[in-house]
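Spelled out, the chains give:
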Amino acid sequence: MNKLIRRVVTSLILIFVVATLTFFLIRLMPGSPYEVLYHQLLMKGMSQQQAADQVRSLLNATPNEPVILQYFQWVVQLFHGSLGNSIAQTGVPVTQLIFNALPWTLVTVTMGLFISFFIGIFLGVISASKRNSWVSGLIDNASSIAHAIPAYVTAVALLYLFNVVWHVFPSSGAYGITVYPGVNLPFILSFMYHMVLPVGTYVLTGLGSWELAMKATTITVTNDDFMMAARLRGLRHSTLMSYLGWNSILPLFTGFMLSLGAMFGGSVFIESTYSFPGIGNLFGAAITSRDYPVMEGCFLLTTTTIIVANVVADLMYSKLDPRIVD
Amino acid sequence: MSTVVDVKGLSVTFPTDEGVVRAVNDVSFSVREGESVGIVGESGSGKSTVAFALFDSVPSPGQISEGEVRFENGKNLLDMSEEERRRFYWSRISMVFQAAQNTLNPILRIQRQVEDIADAHNVSKKDAIARASELFETMYLHPKRVLSSYPHELSGGMKQRVSIALALLLNPRLVVLDEPTTALDVISQASVLRILDEVRRNTSVSFLFITHDISVISQVVDRVLVMYAGRVVESGPVRKIVTAPTHPYTRGLVASIPPLVGDLSGTKSVMGQPANLMNLPKGCAFYDRCEIRQPRCALEPPSYLPIDDDSAVACHVATGQDQGVNGP
């Protein structure tokens, strides 16, 4: 318990440090939303003073204010549970934008990760058990290629094939215009239909690394002395498979948890391609328009998920693998 | 005394890129009920391969090219179906492995591994746990503690004893022990050997010890087979082998045992290199290293012949086969 509290506290500090770094880093990017808005207001005929006041009231910040002061304001806001308001979508709280976008990404990313993990594991075991035949070569090469193609290329390729060439799946959005979001069958079906391509992209780009990792651990464990011993003990085939399976999957578990966190970042290219209204899309748009508060919010979310996933992986691993003692 | 295992004309070959390696060459022997037999030989003599051949589990790419292995005058093991063999393993013949430290599933408690064996052989889990506890007790292990431990929580010597207890769990007729003490420190070696000796005296189980160290097993075996380059070169009662070896290789092995007290001037190693299994000589495989070799030894391999009721040897000189080499 003591250890848990310590982990939570250090994680919070870590999240805060990363958020602080990103706060300053994104301000090093060329161009700024304050300048854009300030100049827009000047063009409308406002005096410099009026324009500056307007920017301050709209953005809750002064354009010429030293960055360090902006930072302290942001910290005070953060401790009040606010991430500020969007600049591009004037006045809309960042938290609201994130909460609107989060469910879409959460569902697709989680589904994509689980499906790619299970297919990858399955193919890895097949490849390991047939490692001297052409089947293994085919699976390994296909996995390597799928893994090597960048996600945005896969996304565009799938979009081209299944939307432009074959008109099978929709090109954008998370659900059709005729359904209402909520717990109802037409919406759920429409959502599932719309998420086939994004999820398919996650699966295709993700399964390769799982397949290759699983094959490697499976072959290692197969040759371990305890597997030979288990065979000679006359254990049932199903028991042998469970010995092999658990010992092979365990090393992949940490990677799996970390991917769960990291895929929020990876969703930028995929969601942008499919105009899917999730975090990735929000993030991408915010970067383009230098929408600092939204960028900060998205960075904070990504950082938090990765760090939390890391802590959860650590804590769970010691429960799953008796050799790890916490 | 009935025969527990009967091996006839066993040969194991390993096809490699450079040629076929004959790791085991026409080996025959049998183990009787309650008997403890040792197979000694240097690395590469084929002794471990014989042990795995008894389970038809020669490491890949090795294969049993000839011979038969019969348990209790039953069916040839090599003709058994997969499922028949699975049930046969451990309930009739079990093994204590060379690297016993690594032969337990690292992520399961010992109790669960005992239960898995019970489940595989249709024994009630309760009975299996009771039997395991009893065996742990005789091996100076705390049953409750060991059962609830993961393998990494036990010391090397404890794991070896657990491994021996698991081998005896289903009361098999034959236990094959592949270098059971090699990975242990001398204190643990002594205690493991003492335990094995007790088991041997108190039950009718048969042991087949595989070792390179003739001195270690001399207290726990009745009979010894000496292997060299894949063949049995000498066999006989342990007392006779240790005090009056016949084959020059066995003599070398015995002479290489350092005395417990006194100086080492009488201790000699066997000179030369082990025979190359890929390219065995036309005559006796030990020819190059032999101190009593005769011209005939380079020309034809010696046959394995009995020299009295309970011993046999494969040596032209020792059996007097060299007589008449240049005769009429």
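Residues numbered from 1 in each chain as written. Chains lettered and ligands numbered in written order. Predicted model: local features only at pLDDT ≥ 70, side-chain atom pairs only at ≥ 80, totals over all residues. Heavy atoms only, no water.

A word on the packing of aromatic side chains. If you walk through the whole model with that rule in mind, you get 29 aromatic pairs over all chains. Between Phe-117 of chain A and Trp-210 of chain A, the ring centres sit 5.1 Å apart and the planes meet at 80°, which makes this aromatic pair edge-to-face. Of this pair, Phe-117 of chain A sits in helix H5 (residues 94-129) while Trp-210 of chain A sits in helix H8 (residues 185-222), and the two are 93 residues apart along the sequence. In this structure Phe-117 of chain A comes out as buried when scored by relative accessible area, which is 8%. Centre to centre, the rings of Phe-187 of chain A and Phe-191 of chain A are 6.0 Å apart; their planes meet at 10°, and the pair counts as stacked. A residue pair is termed a helical-turn pair when its members lie 3 or 4 positions apart in one helix, as Phe-187 of chain A and Phe-191 of chain A do in helix H8 at four residues. Like Phe-191 of chain A, Phe-187 of chain A is buried. Members of the aromatic cluster, connected to one another through ring pairs, are Phe-23, Phe-24, Tyr-71, Phe-72 and Trp-74 of chain A. Taking the ring centre of Phe-23 of chain A as reference, the NZ or CZ of Arg-27 of chain A above it sits at 3.7 Å. Cation over ring: Arg-293 of chain B sits above Tyr-287 of chain B, and NZ or CZ is 5.0 Å from the ring centre. (Phe/Tyr/Trp six-rings, centres within 6.5 Å; stacked < 30°, edge-to-face > 60°. Helix = DSSP H or I, 4+ residues; strand = E, 2+ residues; numbered from the N terminus. Buried < 20%, exposed > 50% of the residue type's maximum accessible area, 1.4 Å probe, protein only. Lys NZ or Arg CZ within 6 Å of the ring centre and 35° of its normal.)

Right, let's get into unusual backbone geometry. Residues and elements named next belong to chain B. For the peptide bond that leads from Ser-60 to Pro-61, omega is 0°, which places it in the cis range. Topologically, Pro-61 is positioned in the loop between helix H1 (47-53) and strand E4 (63-71). The phi dihedral of Asp-56 is positive, around 50°, even though this residue is not glycine. With respect to the element layout, Asp-56 can be found in the loop between H1 and E4. Phi at Trp-90 takes a positive value of approximately 70°, unusual for a residue other than glycine. Structurally, Trp-90 is set in the loop between helix H2 (82-88) and strand E5 (93-96).

What follows is about the sheet that holds E4 of chain B. All names here are of chain B. Reading across the sheet, the three strands line up as E2-E1-E4 and stay open at both edges, with antiparallel pairing between neighbours. What marks the edges here is a single partner per strand, and that holds for strand E2 (20-32) and E4. Across this sheet, the average inter-strand angle for adjacent strands is 5°, counted without regard to direction. Of the strand pairs in this sheet, strand E1 (residues 3-15) and E4 are connected by seven bridges, and their pairing is antiparallel. Each bridged residue has a counterpart across the sheet, and for Val-7 the counterpart in E4 is Val-69. (Pairing = 2+ DSSP bridges. Axes fitted to C-alpha atoms, helices over the stretch in contact; angles between N-to-C directions.)

On to the pattern of salt bridges, then. Within this structure, the stated rule accounts for 26 salt bridges over all chains. Glu-296 of chain A is paired through a salt bridge with Arg-27 of chain A; the nearest N and O atoms lie 2.6 Å apart. One end of the pair, Glu-296 of chain A, is in helix H12 (residues 292-320); the other, Arg-27 of chain A, is in the loop between helix H1 (2-26) and helix H2 (33-43), with 269 residues separating them in the sequence. Between Lys-8 of chain B and Asp-6 of chain B there is a salt bridge, with the nearest N and O atoms lying 3.1 Å from each other. Under the relative-accessibility criterion, Lys-8 of chain B is labelled partly exposed at 44%. A single network of salt bridges, built from pairs that share partners, joins Glu-33, Glu-72, Arg-92 and Arg-173 of chain B. (Salt bridge = Lys/Arg side-chain N within 4 Å of Asp/Glu carboxyl O.)

Before going further, it helps to spend a moment on empty space enclosed by the protein. All names here are of chain B. If you walk through the whole model with that rule in mind, you get one cavity of 30 Å³ or more. Taken as a whole, the largest cavity holds about 50 Å³ of empty space. Lining the largest cavity we find His-247, Pro-248, Cys-284, Phe-286, Cys-290, Arg-293, Cys-297, Cys-315 and His-316. Of the residues in the lining of the largest cavity, the class split is six nonpolar, two polar and one charged. (1 Å grid on protein atoms, 1.4 Å probe; cavity = no way out; pocket = protein on both sides within 12 Å on 5 of 7 lines; lining within 4 Å. Points joined across faces, edges and corners; volume = space filled by probe spheres on them. Nonpolar A, V, L, I, M, F, W, Y, C, P; charged D, E, K, R; others polar.)

Low-pLDDT portions of the prediction should not be read for the details of their coordinates. Mean pLDDT over chain B stands at 85; residues scoring 70 or higher make up 97%. Model confidence for the complex: the whole-complex pTM is 0.79, and ipTM, which rates the interface, is 0.83. (pLDDT = per-residue confidence, 0-100.)

Residue and element names in this part refer to chain B. The element strand E3 (residues 36-40) is largely enclosed, with a buried count of five among its five residues. The two faces of E3 match: Ser-36, Gly-38 and Val-40 on one face and Val-37 and Ile-39 on the other face are all buried. Strand direction decides the pairing type here: E3 and strand E7 (residues 206-211), joined by five bridges, are parallel. Of the residues in E7, the one forming a bridge with Val-40 is Thr-211. Bridge count for E3 against strand E8 (residues 223-228) is four bridges, and the pairing is parallel. In the strand pairing of E8, Ile-39 is matched with Leu-225.

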